[in-house]
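# Examining the three-dimensional arrangement
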Amino acid sequence: EQAGRPALSCKEVNISTETMKTQTVIAAALIGSAAAFAPEQAGRPATSLSEKKSIASTIFGMDLFAPVSDQNDYGARNKKNLSQGKIGSNSYVPNGLSAAEYNAIRDKETAKKKANYDKNVAKAGKFLDYTKFYLERGTDTSESWFKSVTRGHRMAKTKFDWSGKSDPQKNYDGKA
């Protein structure tokens, strides 16, 4: 017995111990549930120099054309080993033509396609500078270009003379 207090019985000690355990469990549950709804603490930012990339940025950052970097440039077809198939014994040959005649027609078409491709490759990368065009038509100094028939536009060349001075199609002079 302590001074001024009566001694506790075992039953009273067990009840107070159980009550304390229950209160401790309830308090821990309340703290745990409150922590679940609290915002996360912001961690210290990484100080490493190597930034971790996502899978998408890794894939999109790959240079898939590195082995042959000019394979898709305009005119690259001439560097590739492309050829037309040869006519064999089971190949299609149009009715009425021999294999040699059909080969001659195919070779002529292939040469025509190659000439057209080479012509377009020669024109590649040649553009009219807009600033030069702008200065040539006089836009920066006067508005005479606006009073012209074309209003500053460049007109395409045509097959015929449309000025009305001569008509190359009218060759008929009235005699049969």
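No experiment lies behind these values; they were computed from the predicted model shown.

### Quick notes on the overall build of the chain
Scanning the chain from N- to C-terminus turns up five helices and zero strands. Of the regular secondary structure in the chain, the N- to C-terminal order runs α-α-α-α-α. Counting every position in the chain, which comprises 176 residues, the buried fraction comes to 7%.

### Some words on the packing of aromatic side chains
Taken as a whole and judged by the stated rule, the model has one aromatic pair. One Lys or Arg, R77, reaches over the ring of Y117 and ends 3.9 Å from the middle of that ring.

### Considerations on a nonpolar patch on the surface
On the surface, a nonpolar cluster with roughly 730 Å² of combined accessible area is contributed by I55, I59, F60, M62, L64 and F65. Looking at the secondary structure, you find I55 in helix α2 (residues 55-60).

### Considerations on the environment of L128
Tracing the backbone through its elements, the reader meets L128 in the loop between α3 (99-123) and α4 (130-136). Discounting chain neighbours no more than four positions away, the residues touching L128 are F133 and R154.

### Some details on the environment of H153
By the element assignment, H153 lies in the segment after α5 (144-147). Residues H153 and F133 lie 20 residues apart in sequence; the distance between their C-alpha atoms is 9.9 Å.

### Concerning the confidence of the model for the chain
In the predicted model, the chain carries a mean pLDDT of 77, and the fraction of residues at 70 or more is 76%. Per-element mean pLDDT across the chain ranges from 76 in α5 up to 93 in α3.

### Re the side chain of R106
With respect to the helices, strands and loops of the structure, R106 is situated in helix α3. For the buried R106, no salt bridge is present, and the opposite-charge side chain at shortest range is D107, 6.4 Å distant. Non-local contacts of R106, meaning those with residues more than four positions away in its chain, are made with Q84, G85 and I87.

### Points about α3
Here α3 contains 25 residues, and its C-alpha end-to-end distance of 36 Å stays within 8% of the 36 Å for a straight helix at 1.5 Å per residue. Inspection of α3 places Y102, R106 and Y117 among the buried residues, and these make up the whole buried set. Of the residues trailing α3, G125 is marked for its positive phi of about 80°.

The rules we used
Along each chain, the written sequence defines residue order, and numbers are assigned to residues from 1. Note on the predicted model: pLDDT of at least 70 is required for a residue's local features to be given, and 80 or more for side-chain atom pairs to be given and counted; whole-chain, interface and lining totals, by contrast, use all residues. With hydrogens and water excluded, all non-hydrogen atoms of the structure serve as input to the side-chain values. Starting at the N terminus, helices and strands are each numbered in turn, a helix being any DSSP run of H or I of at least four residues and a strand any DSSP run of E of at least two. The rule is simple: take the accessible area with a 1.4 Å probe, protein chains only, and divide by the maximum for that residue type; under 20% is buried, over 50% is exposed, in between is partly exposed. Pairs were defined over the aromatic rings of Phe, Tyr and Trp, the Trp ring being its six-membered one, requiring ring centres within 6.5 Å. Orientation was assigned from the angle between planes: stacked under 30 degrees, edge-to-face over 60, tilted for the rest. For a Lys NZ or an Arg CZ to count as sitting over a ring, it must be within 6 Å of the ring centre and within 35 degrees of the ring normal. Like charges are joined within 9 Å and nonpolar side chains (Val, Leu, Ile, Met, Phe, Trp, Tyr) within 5 Å, but only among residues with over 30% relative accessible area and no salt bridge; these make up the patches. What sets the accessible areas is the Shrake-Rupley method with a 1.4 Å probe; for residues, cover comes only from the shown protein chains. Think of a salt bridge as a Lys or Arg side-chain nitrogen and an Asp or Glu carboxyl oxygen that are within 4 Å of each other. In what follows, residue pairs with any heavy atoms lying within 4.5 Å of each other are defined as contacts. Every residue gets a pLDDT, meaning the predictor's confidence in that residue, from 0 to 100. Just so you know, the count uses Lys and Arg for positive and Asp and Glu for negative, and it drops His and the chain ends. For a helix, the expected span equals 1.5 Å multiplied by the number of residues minus one.

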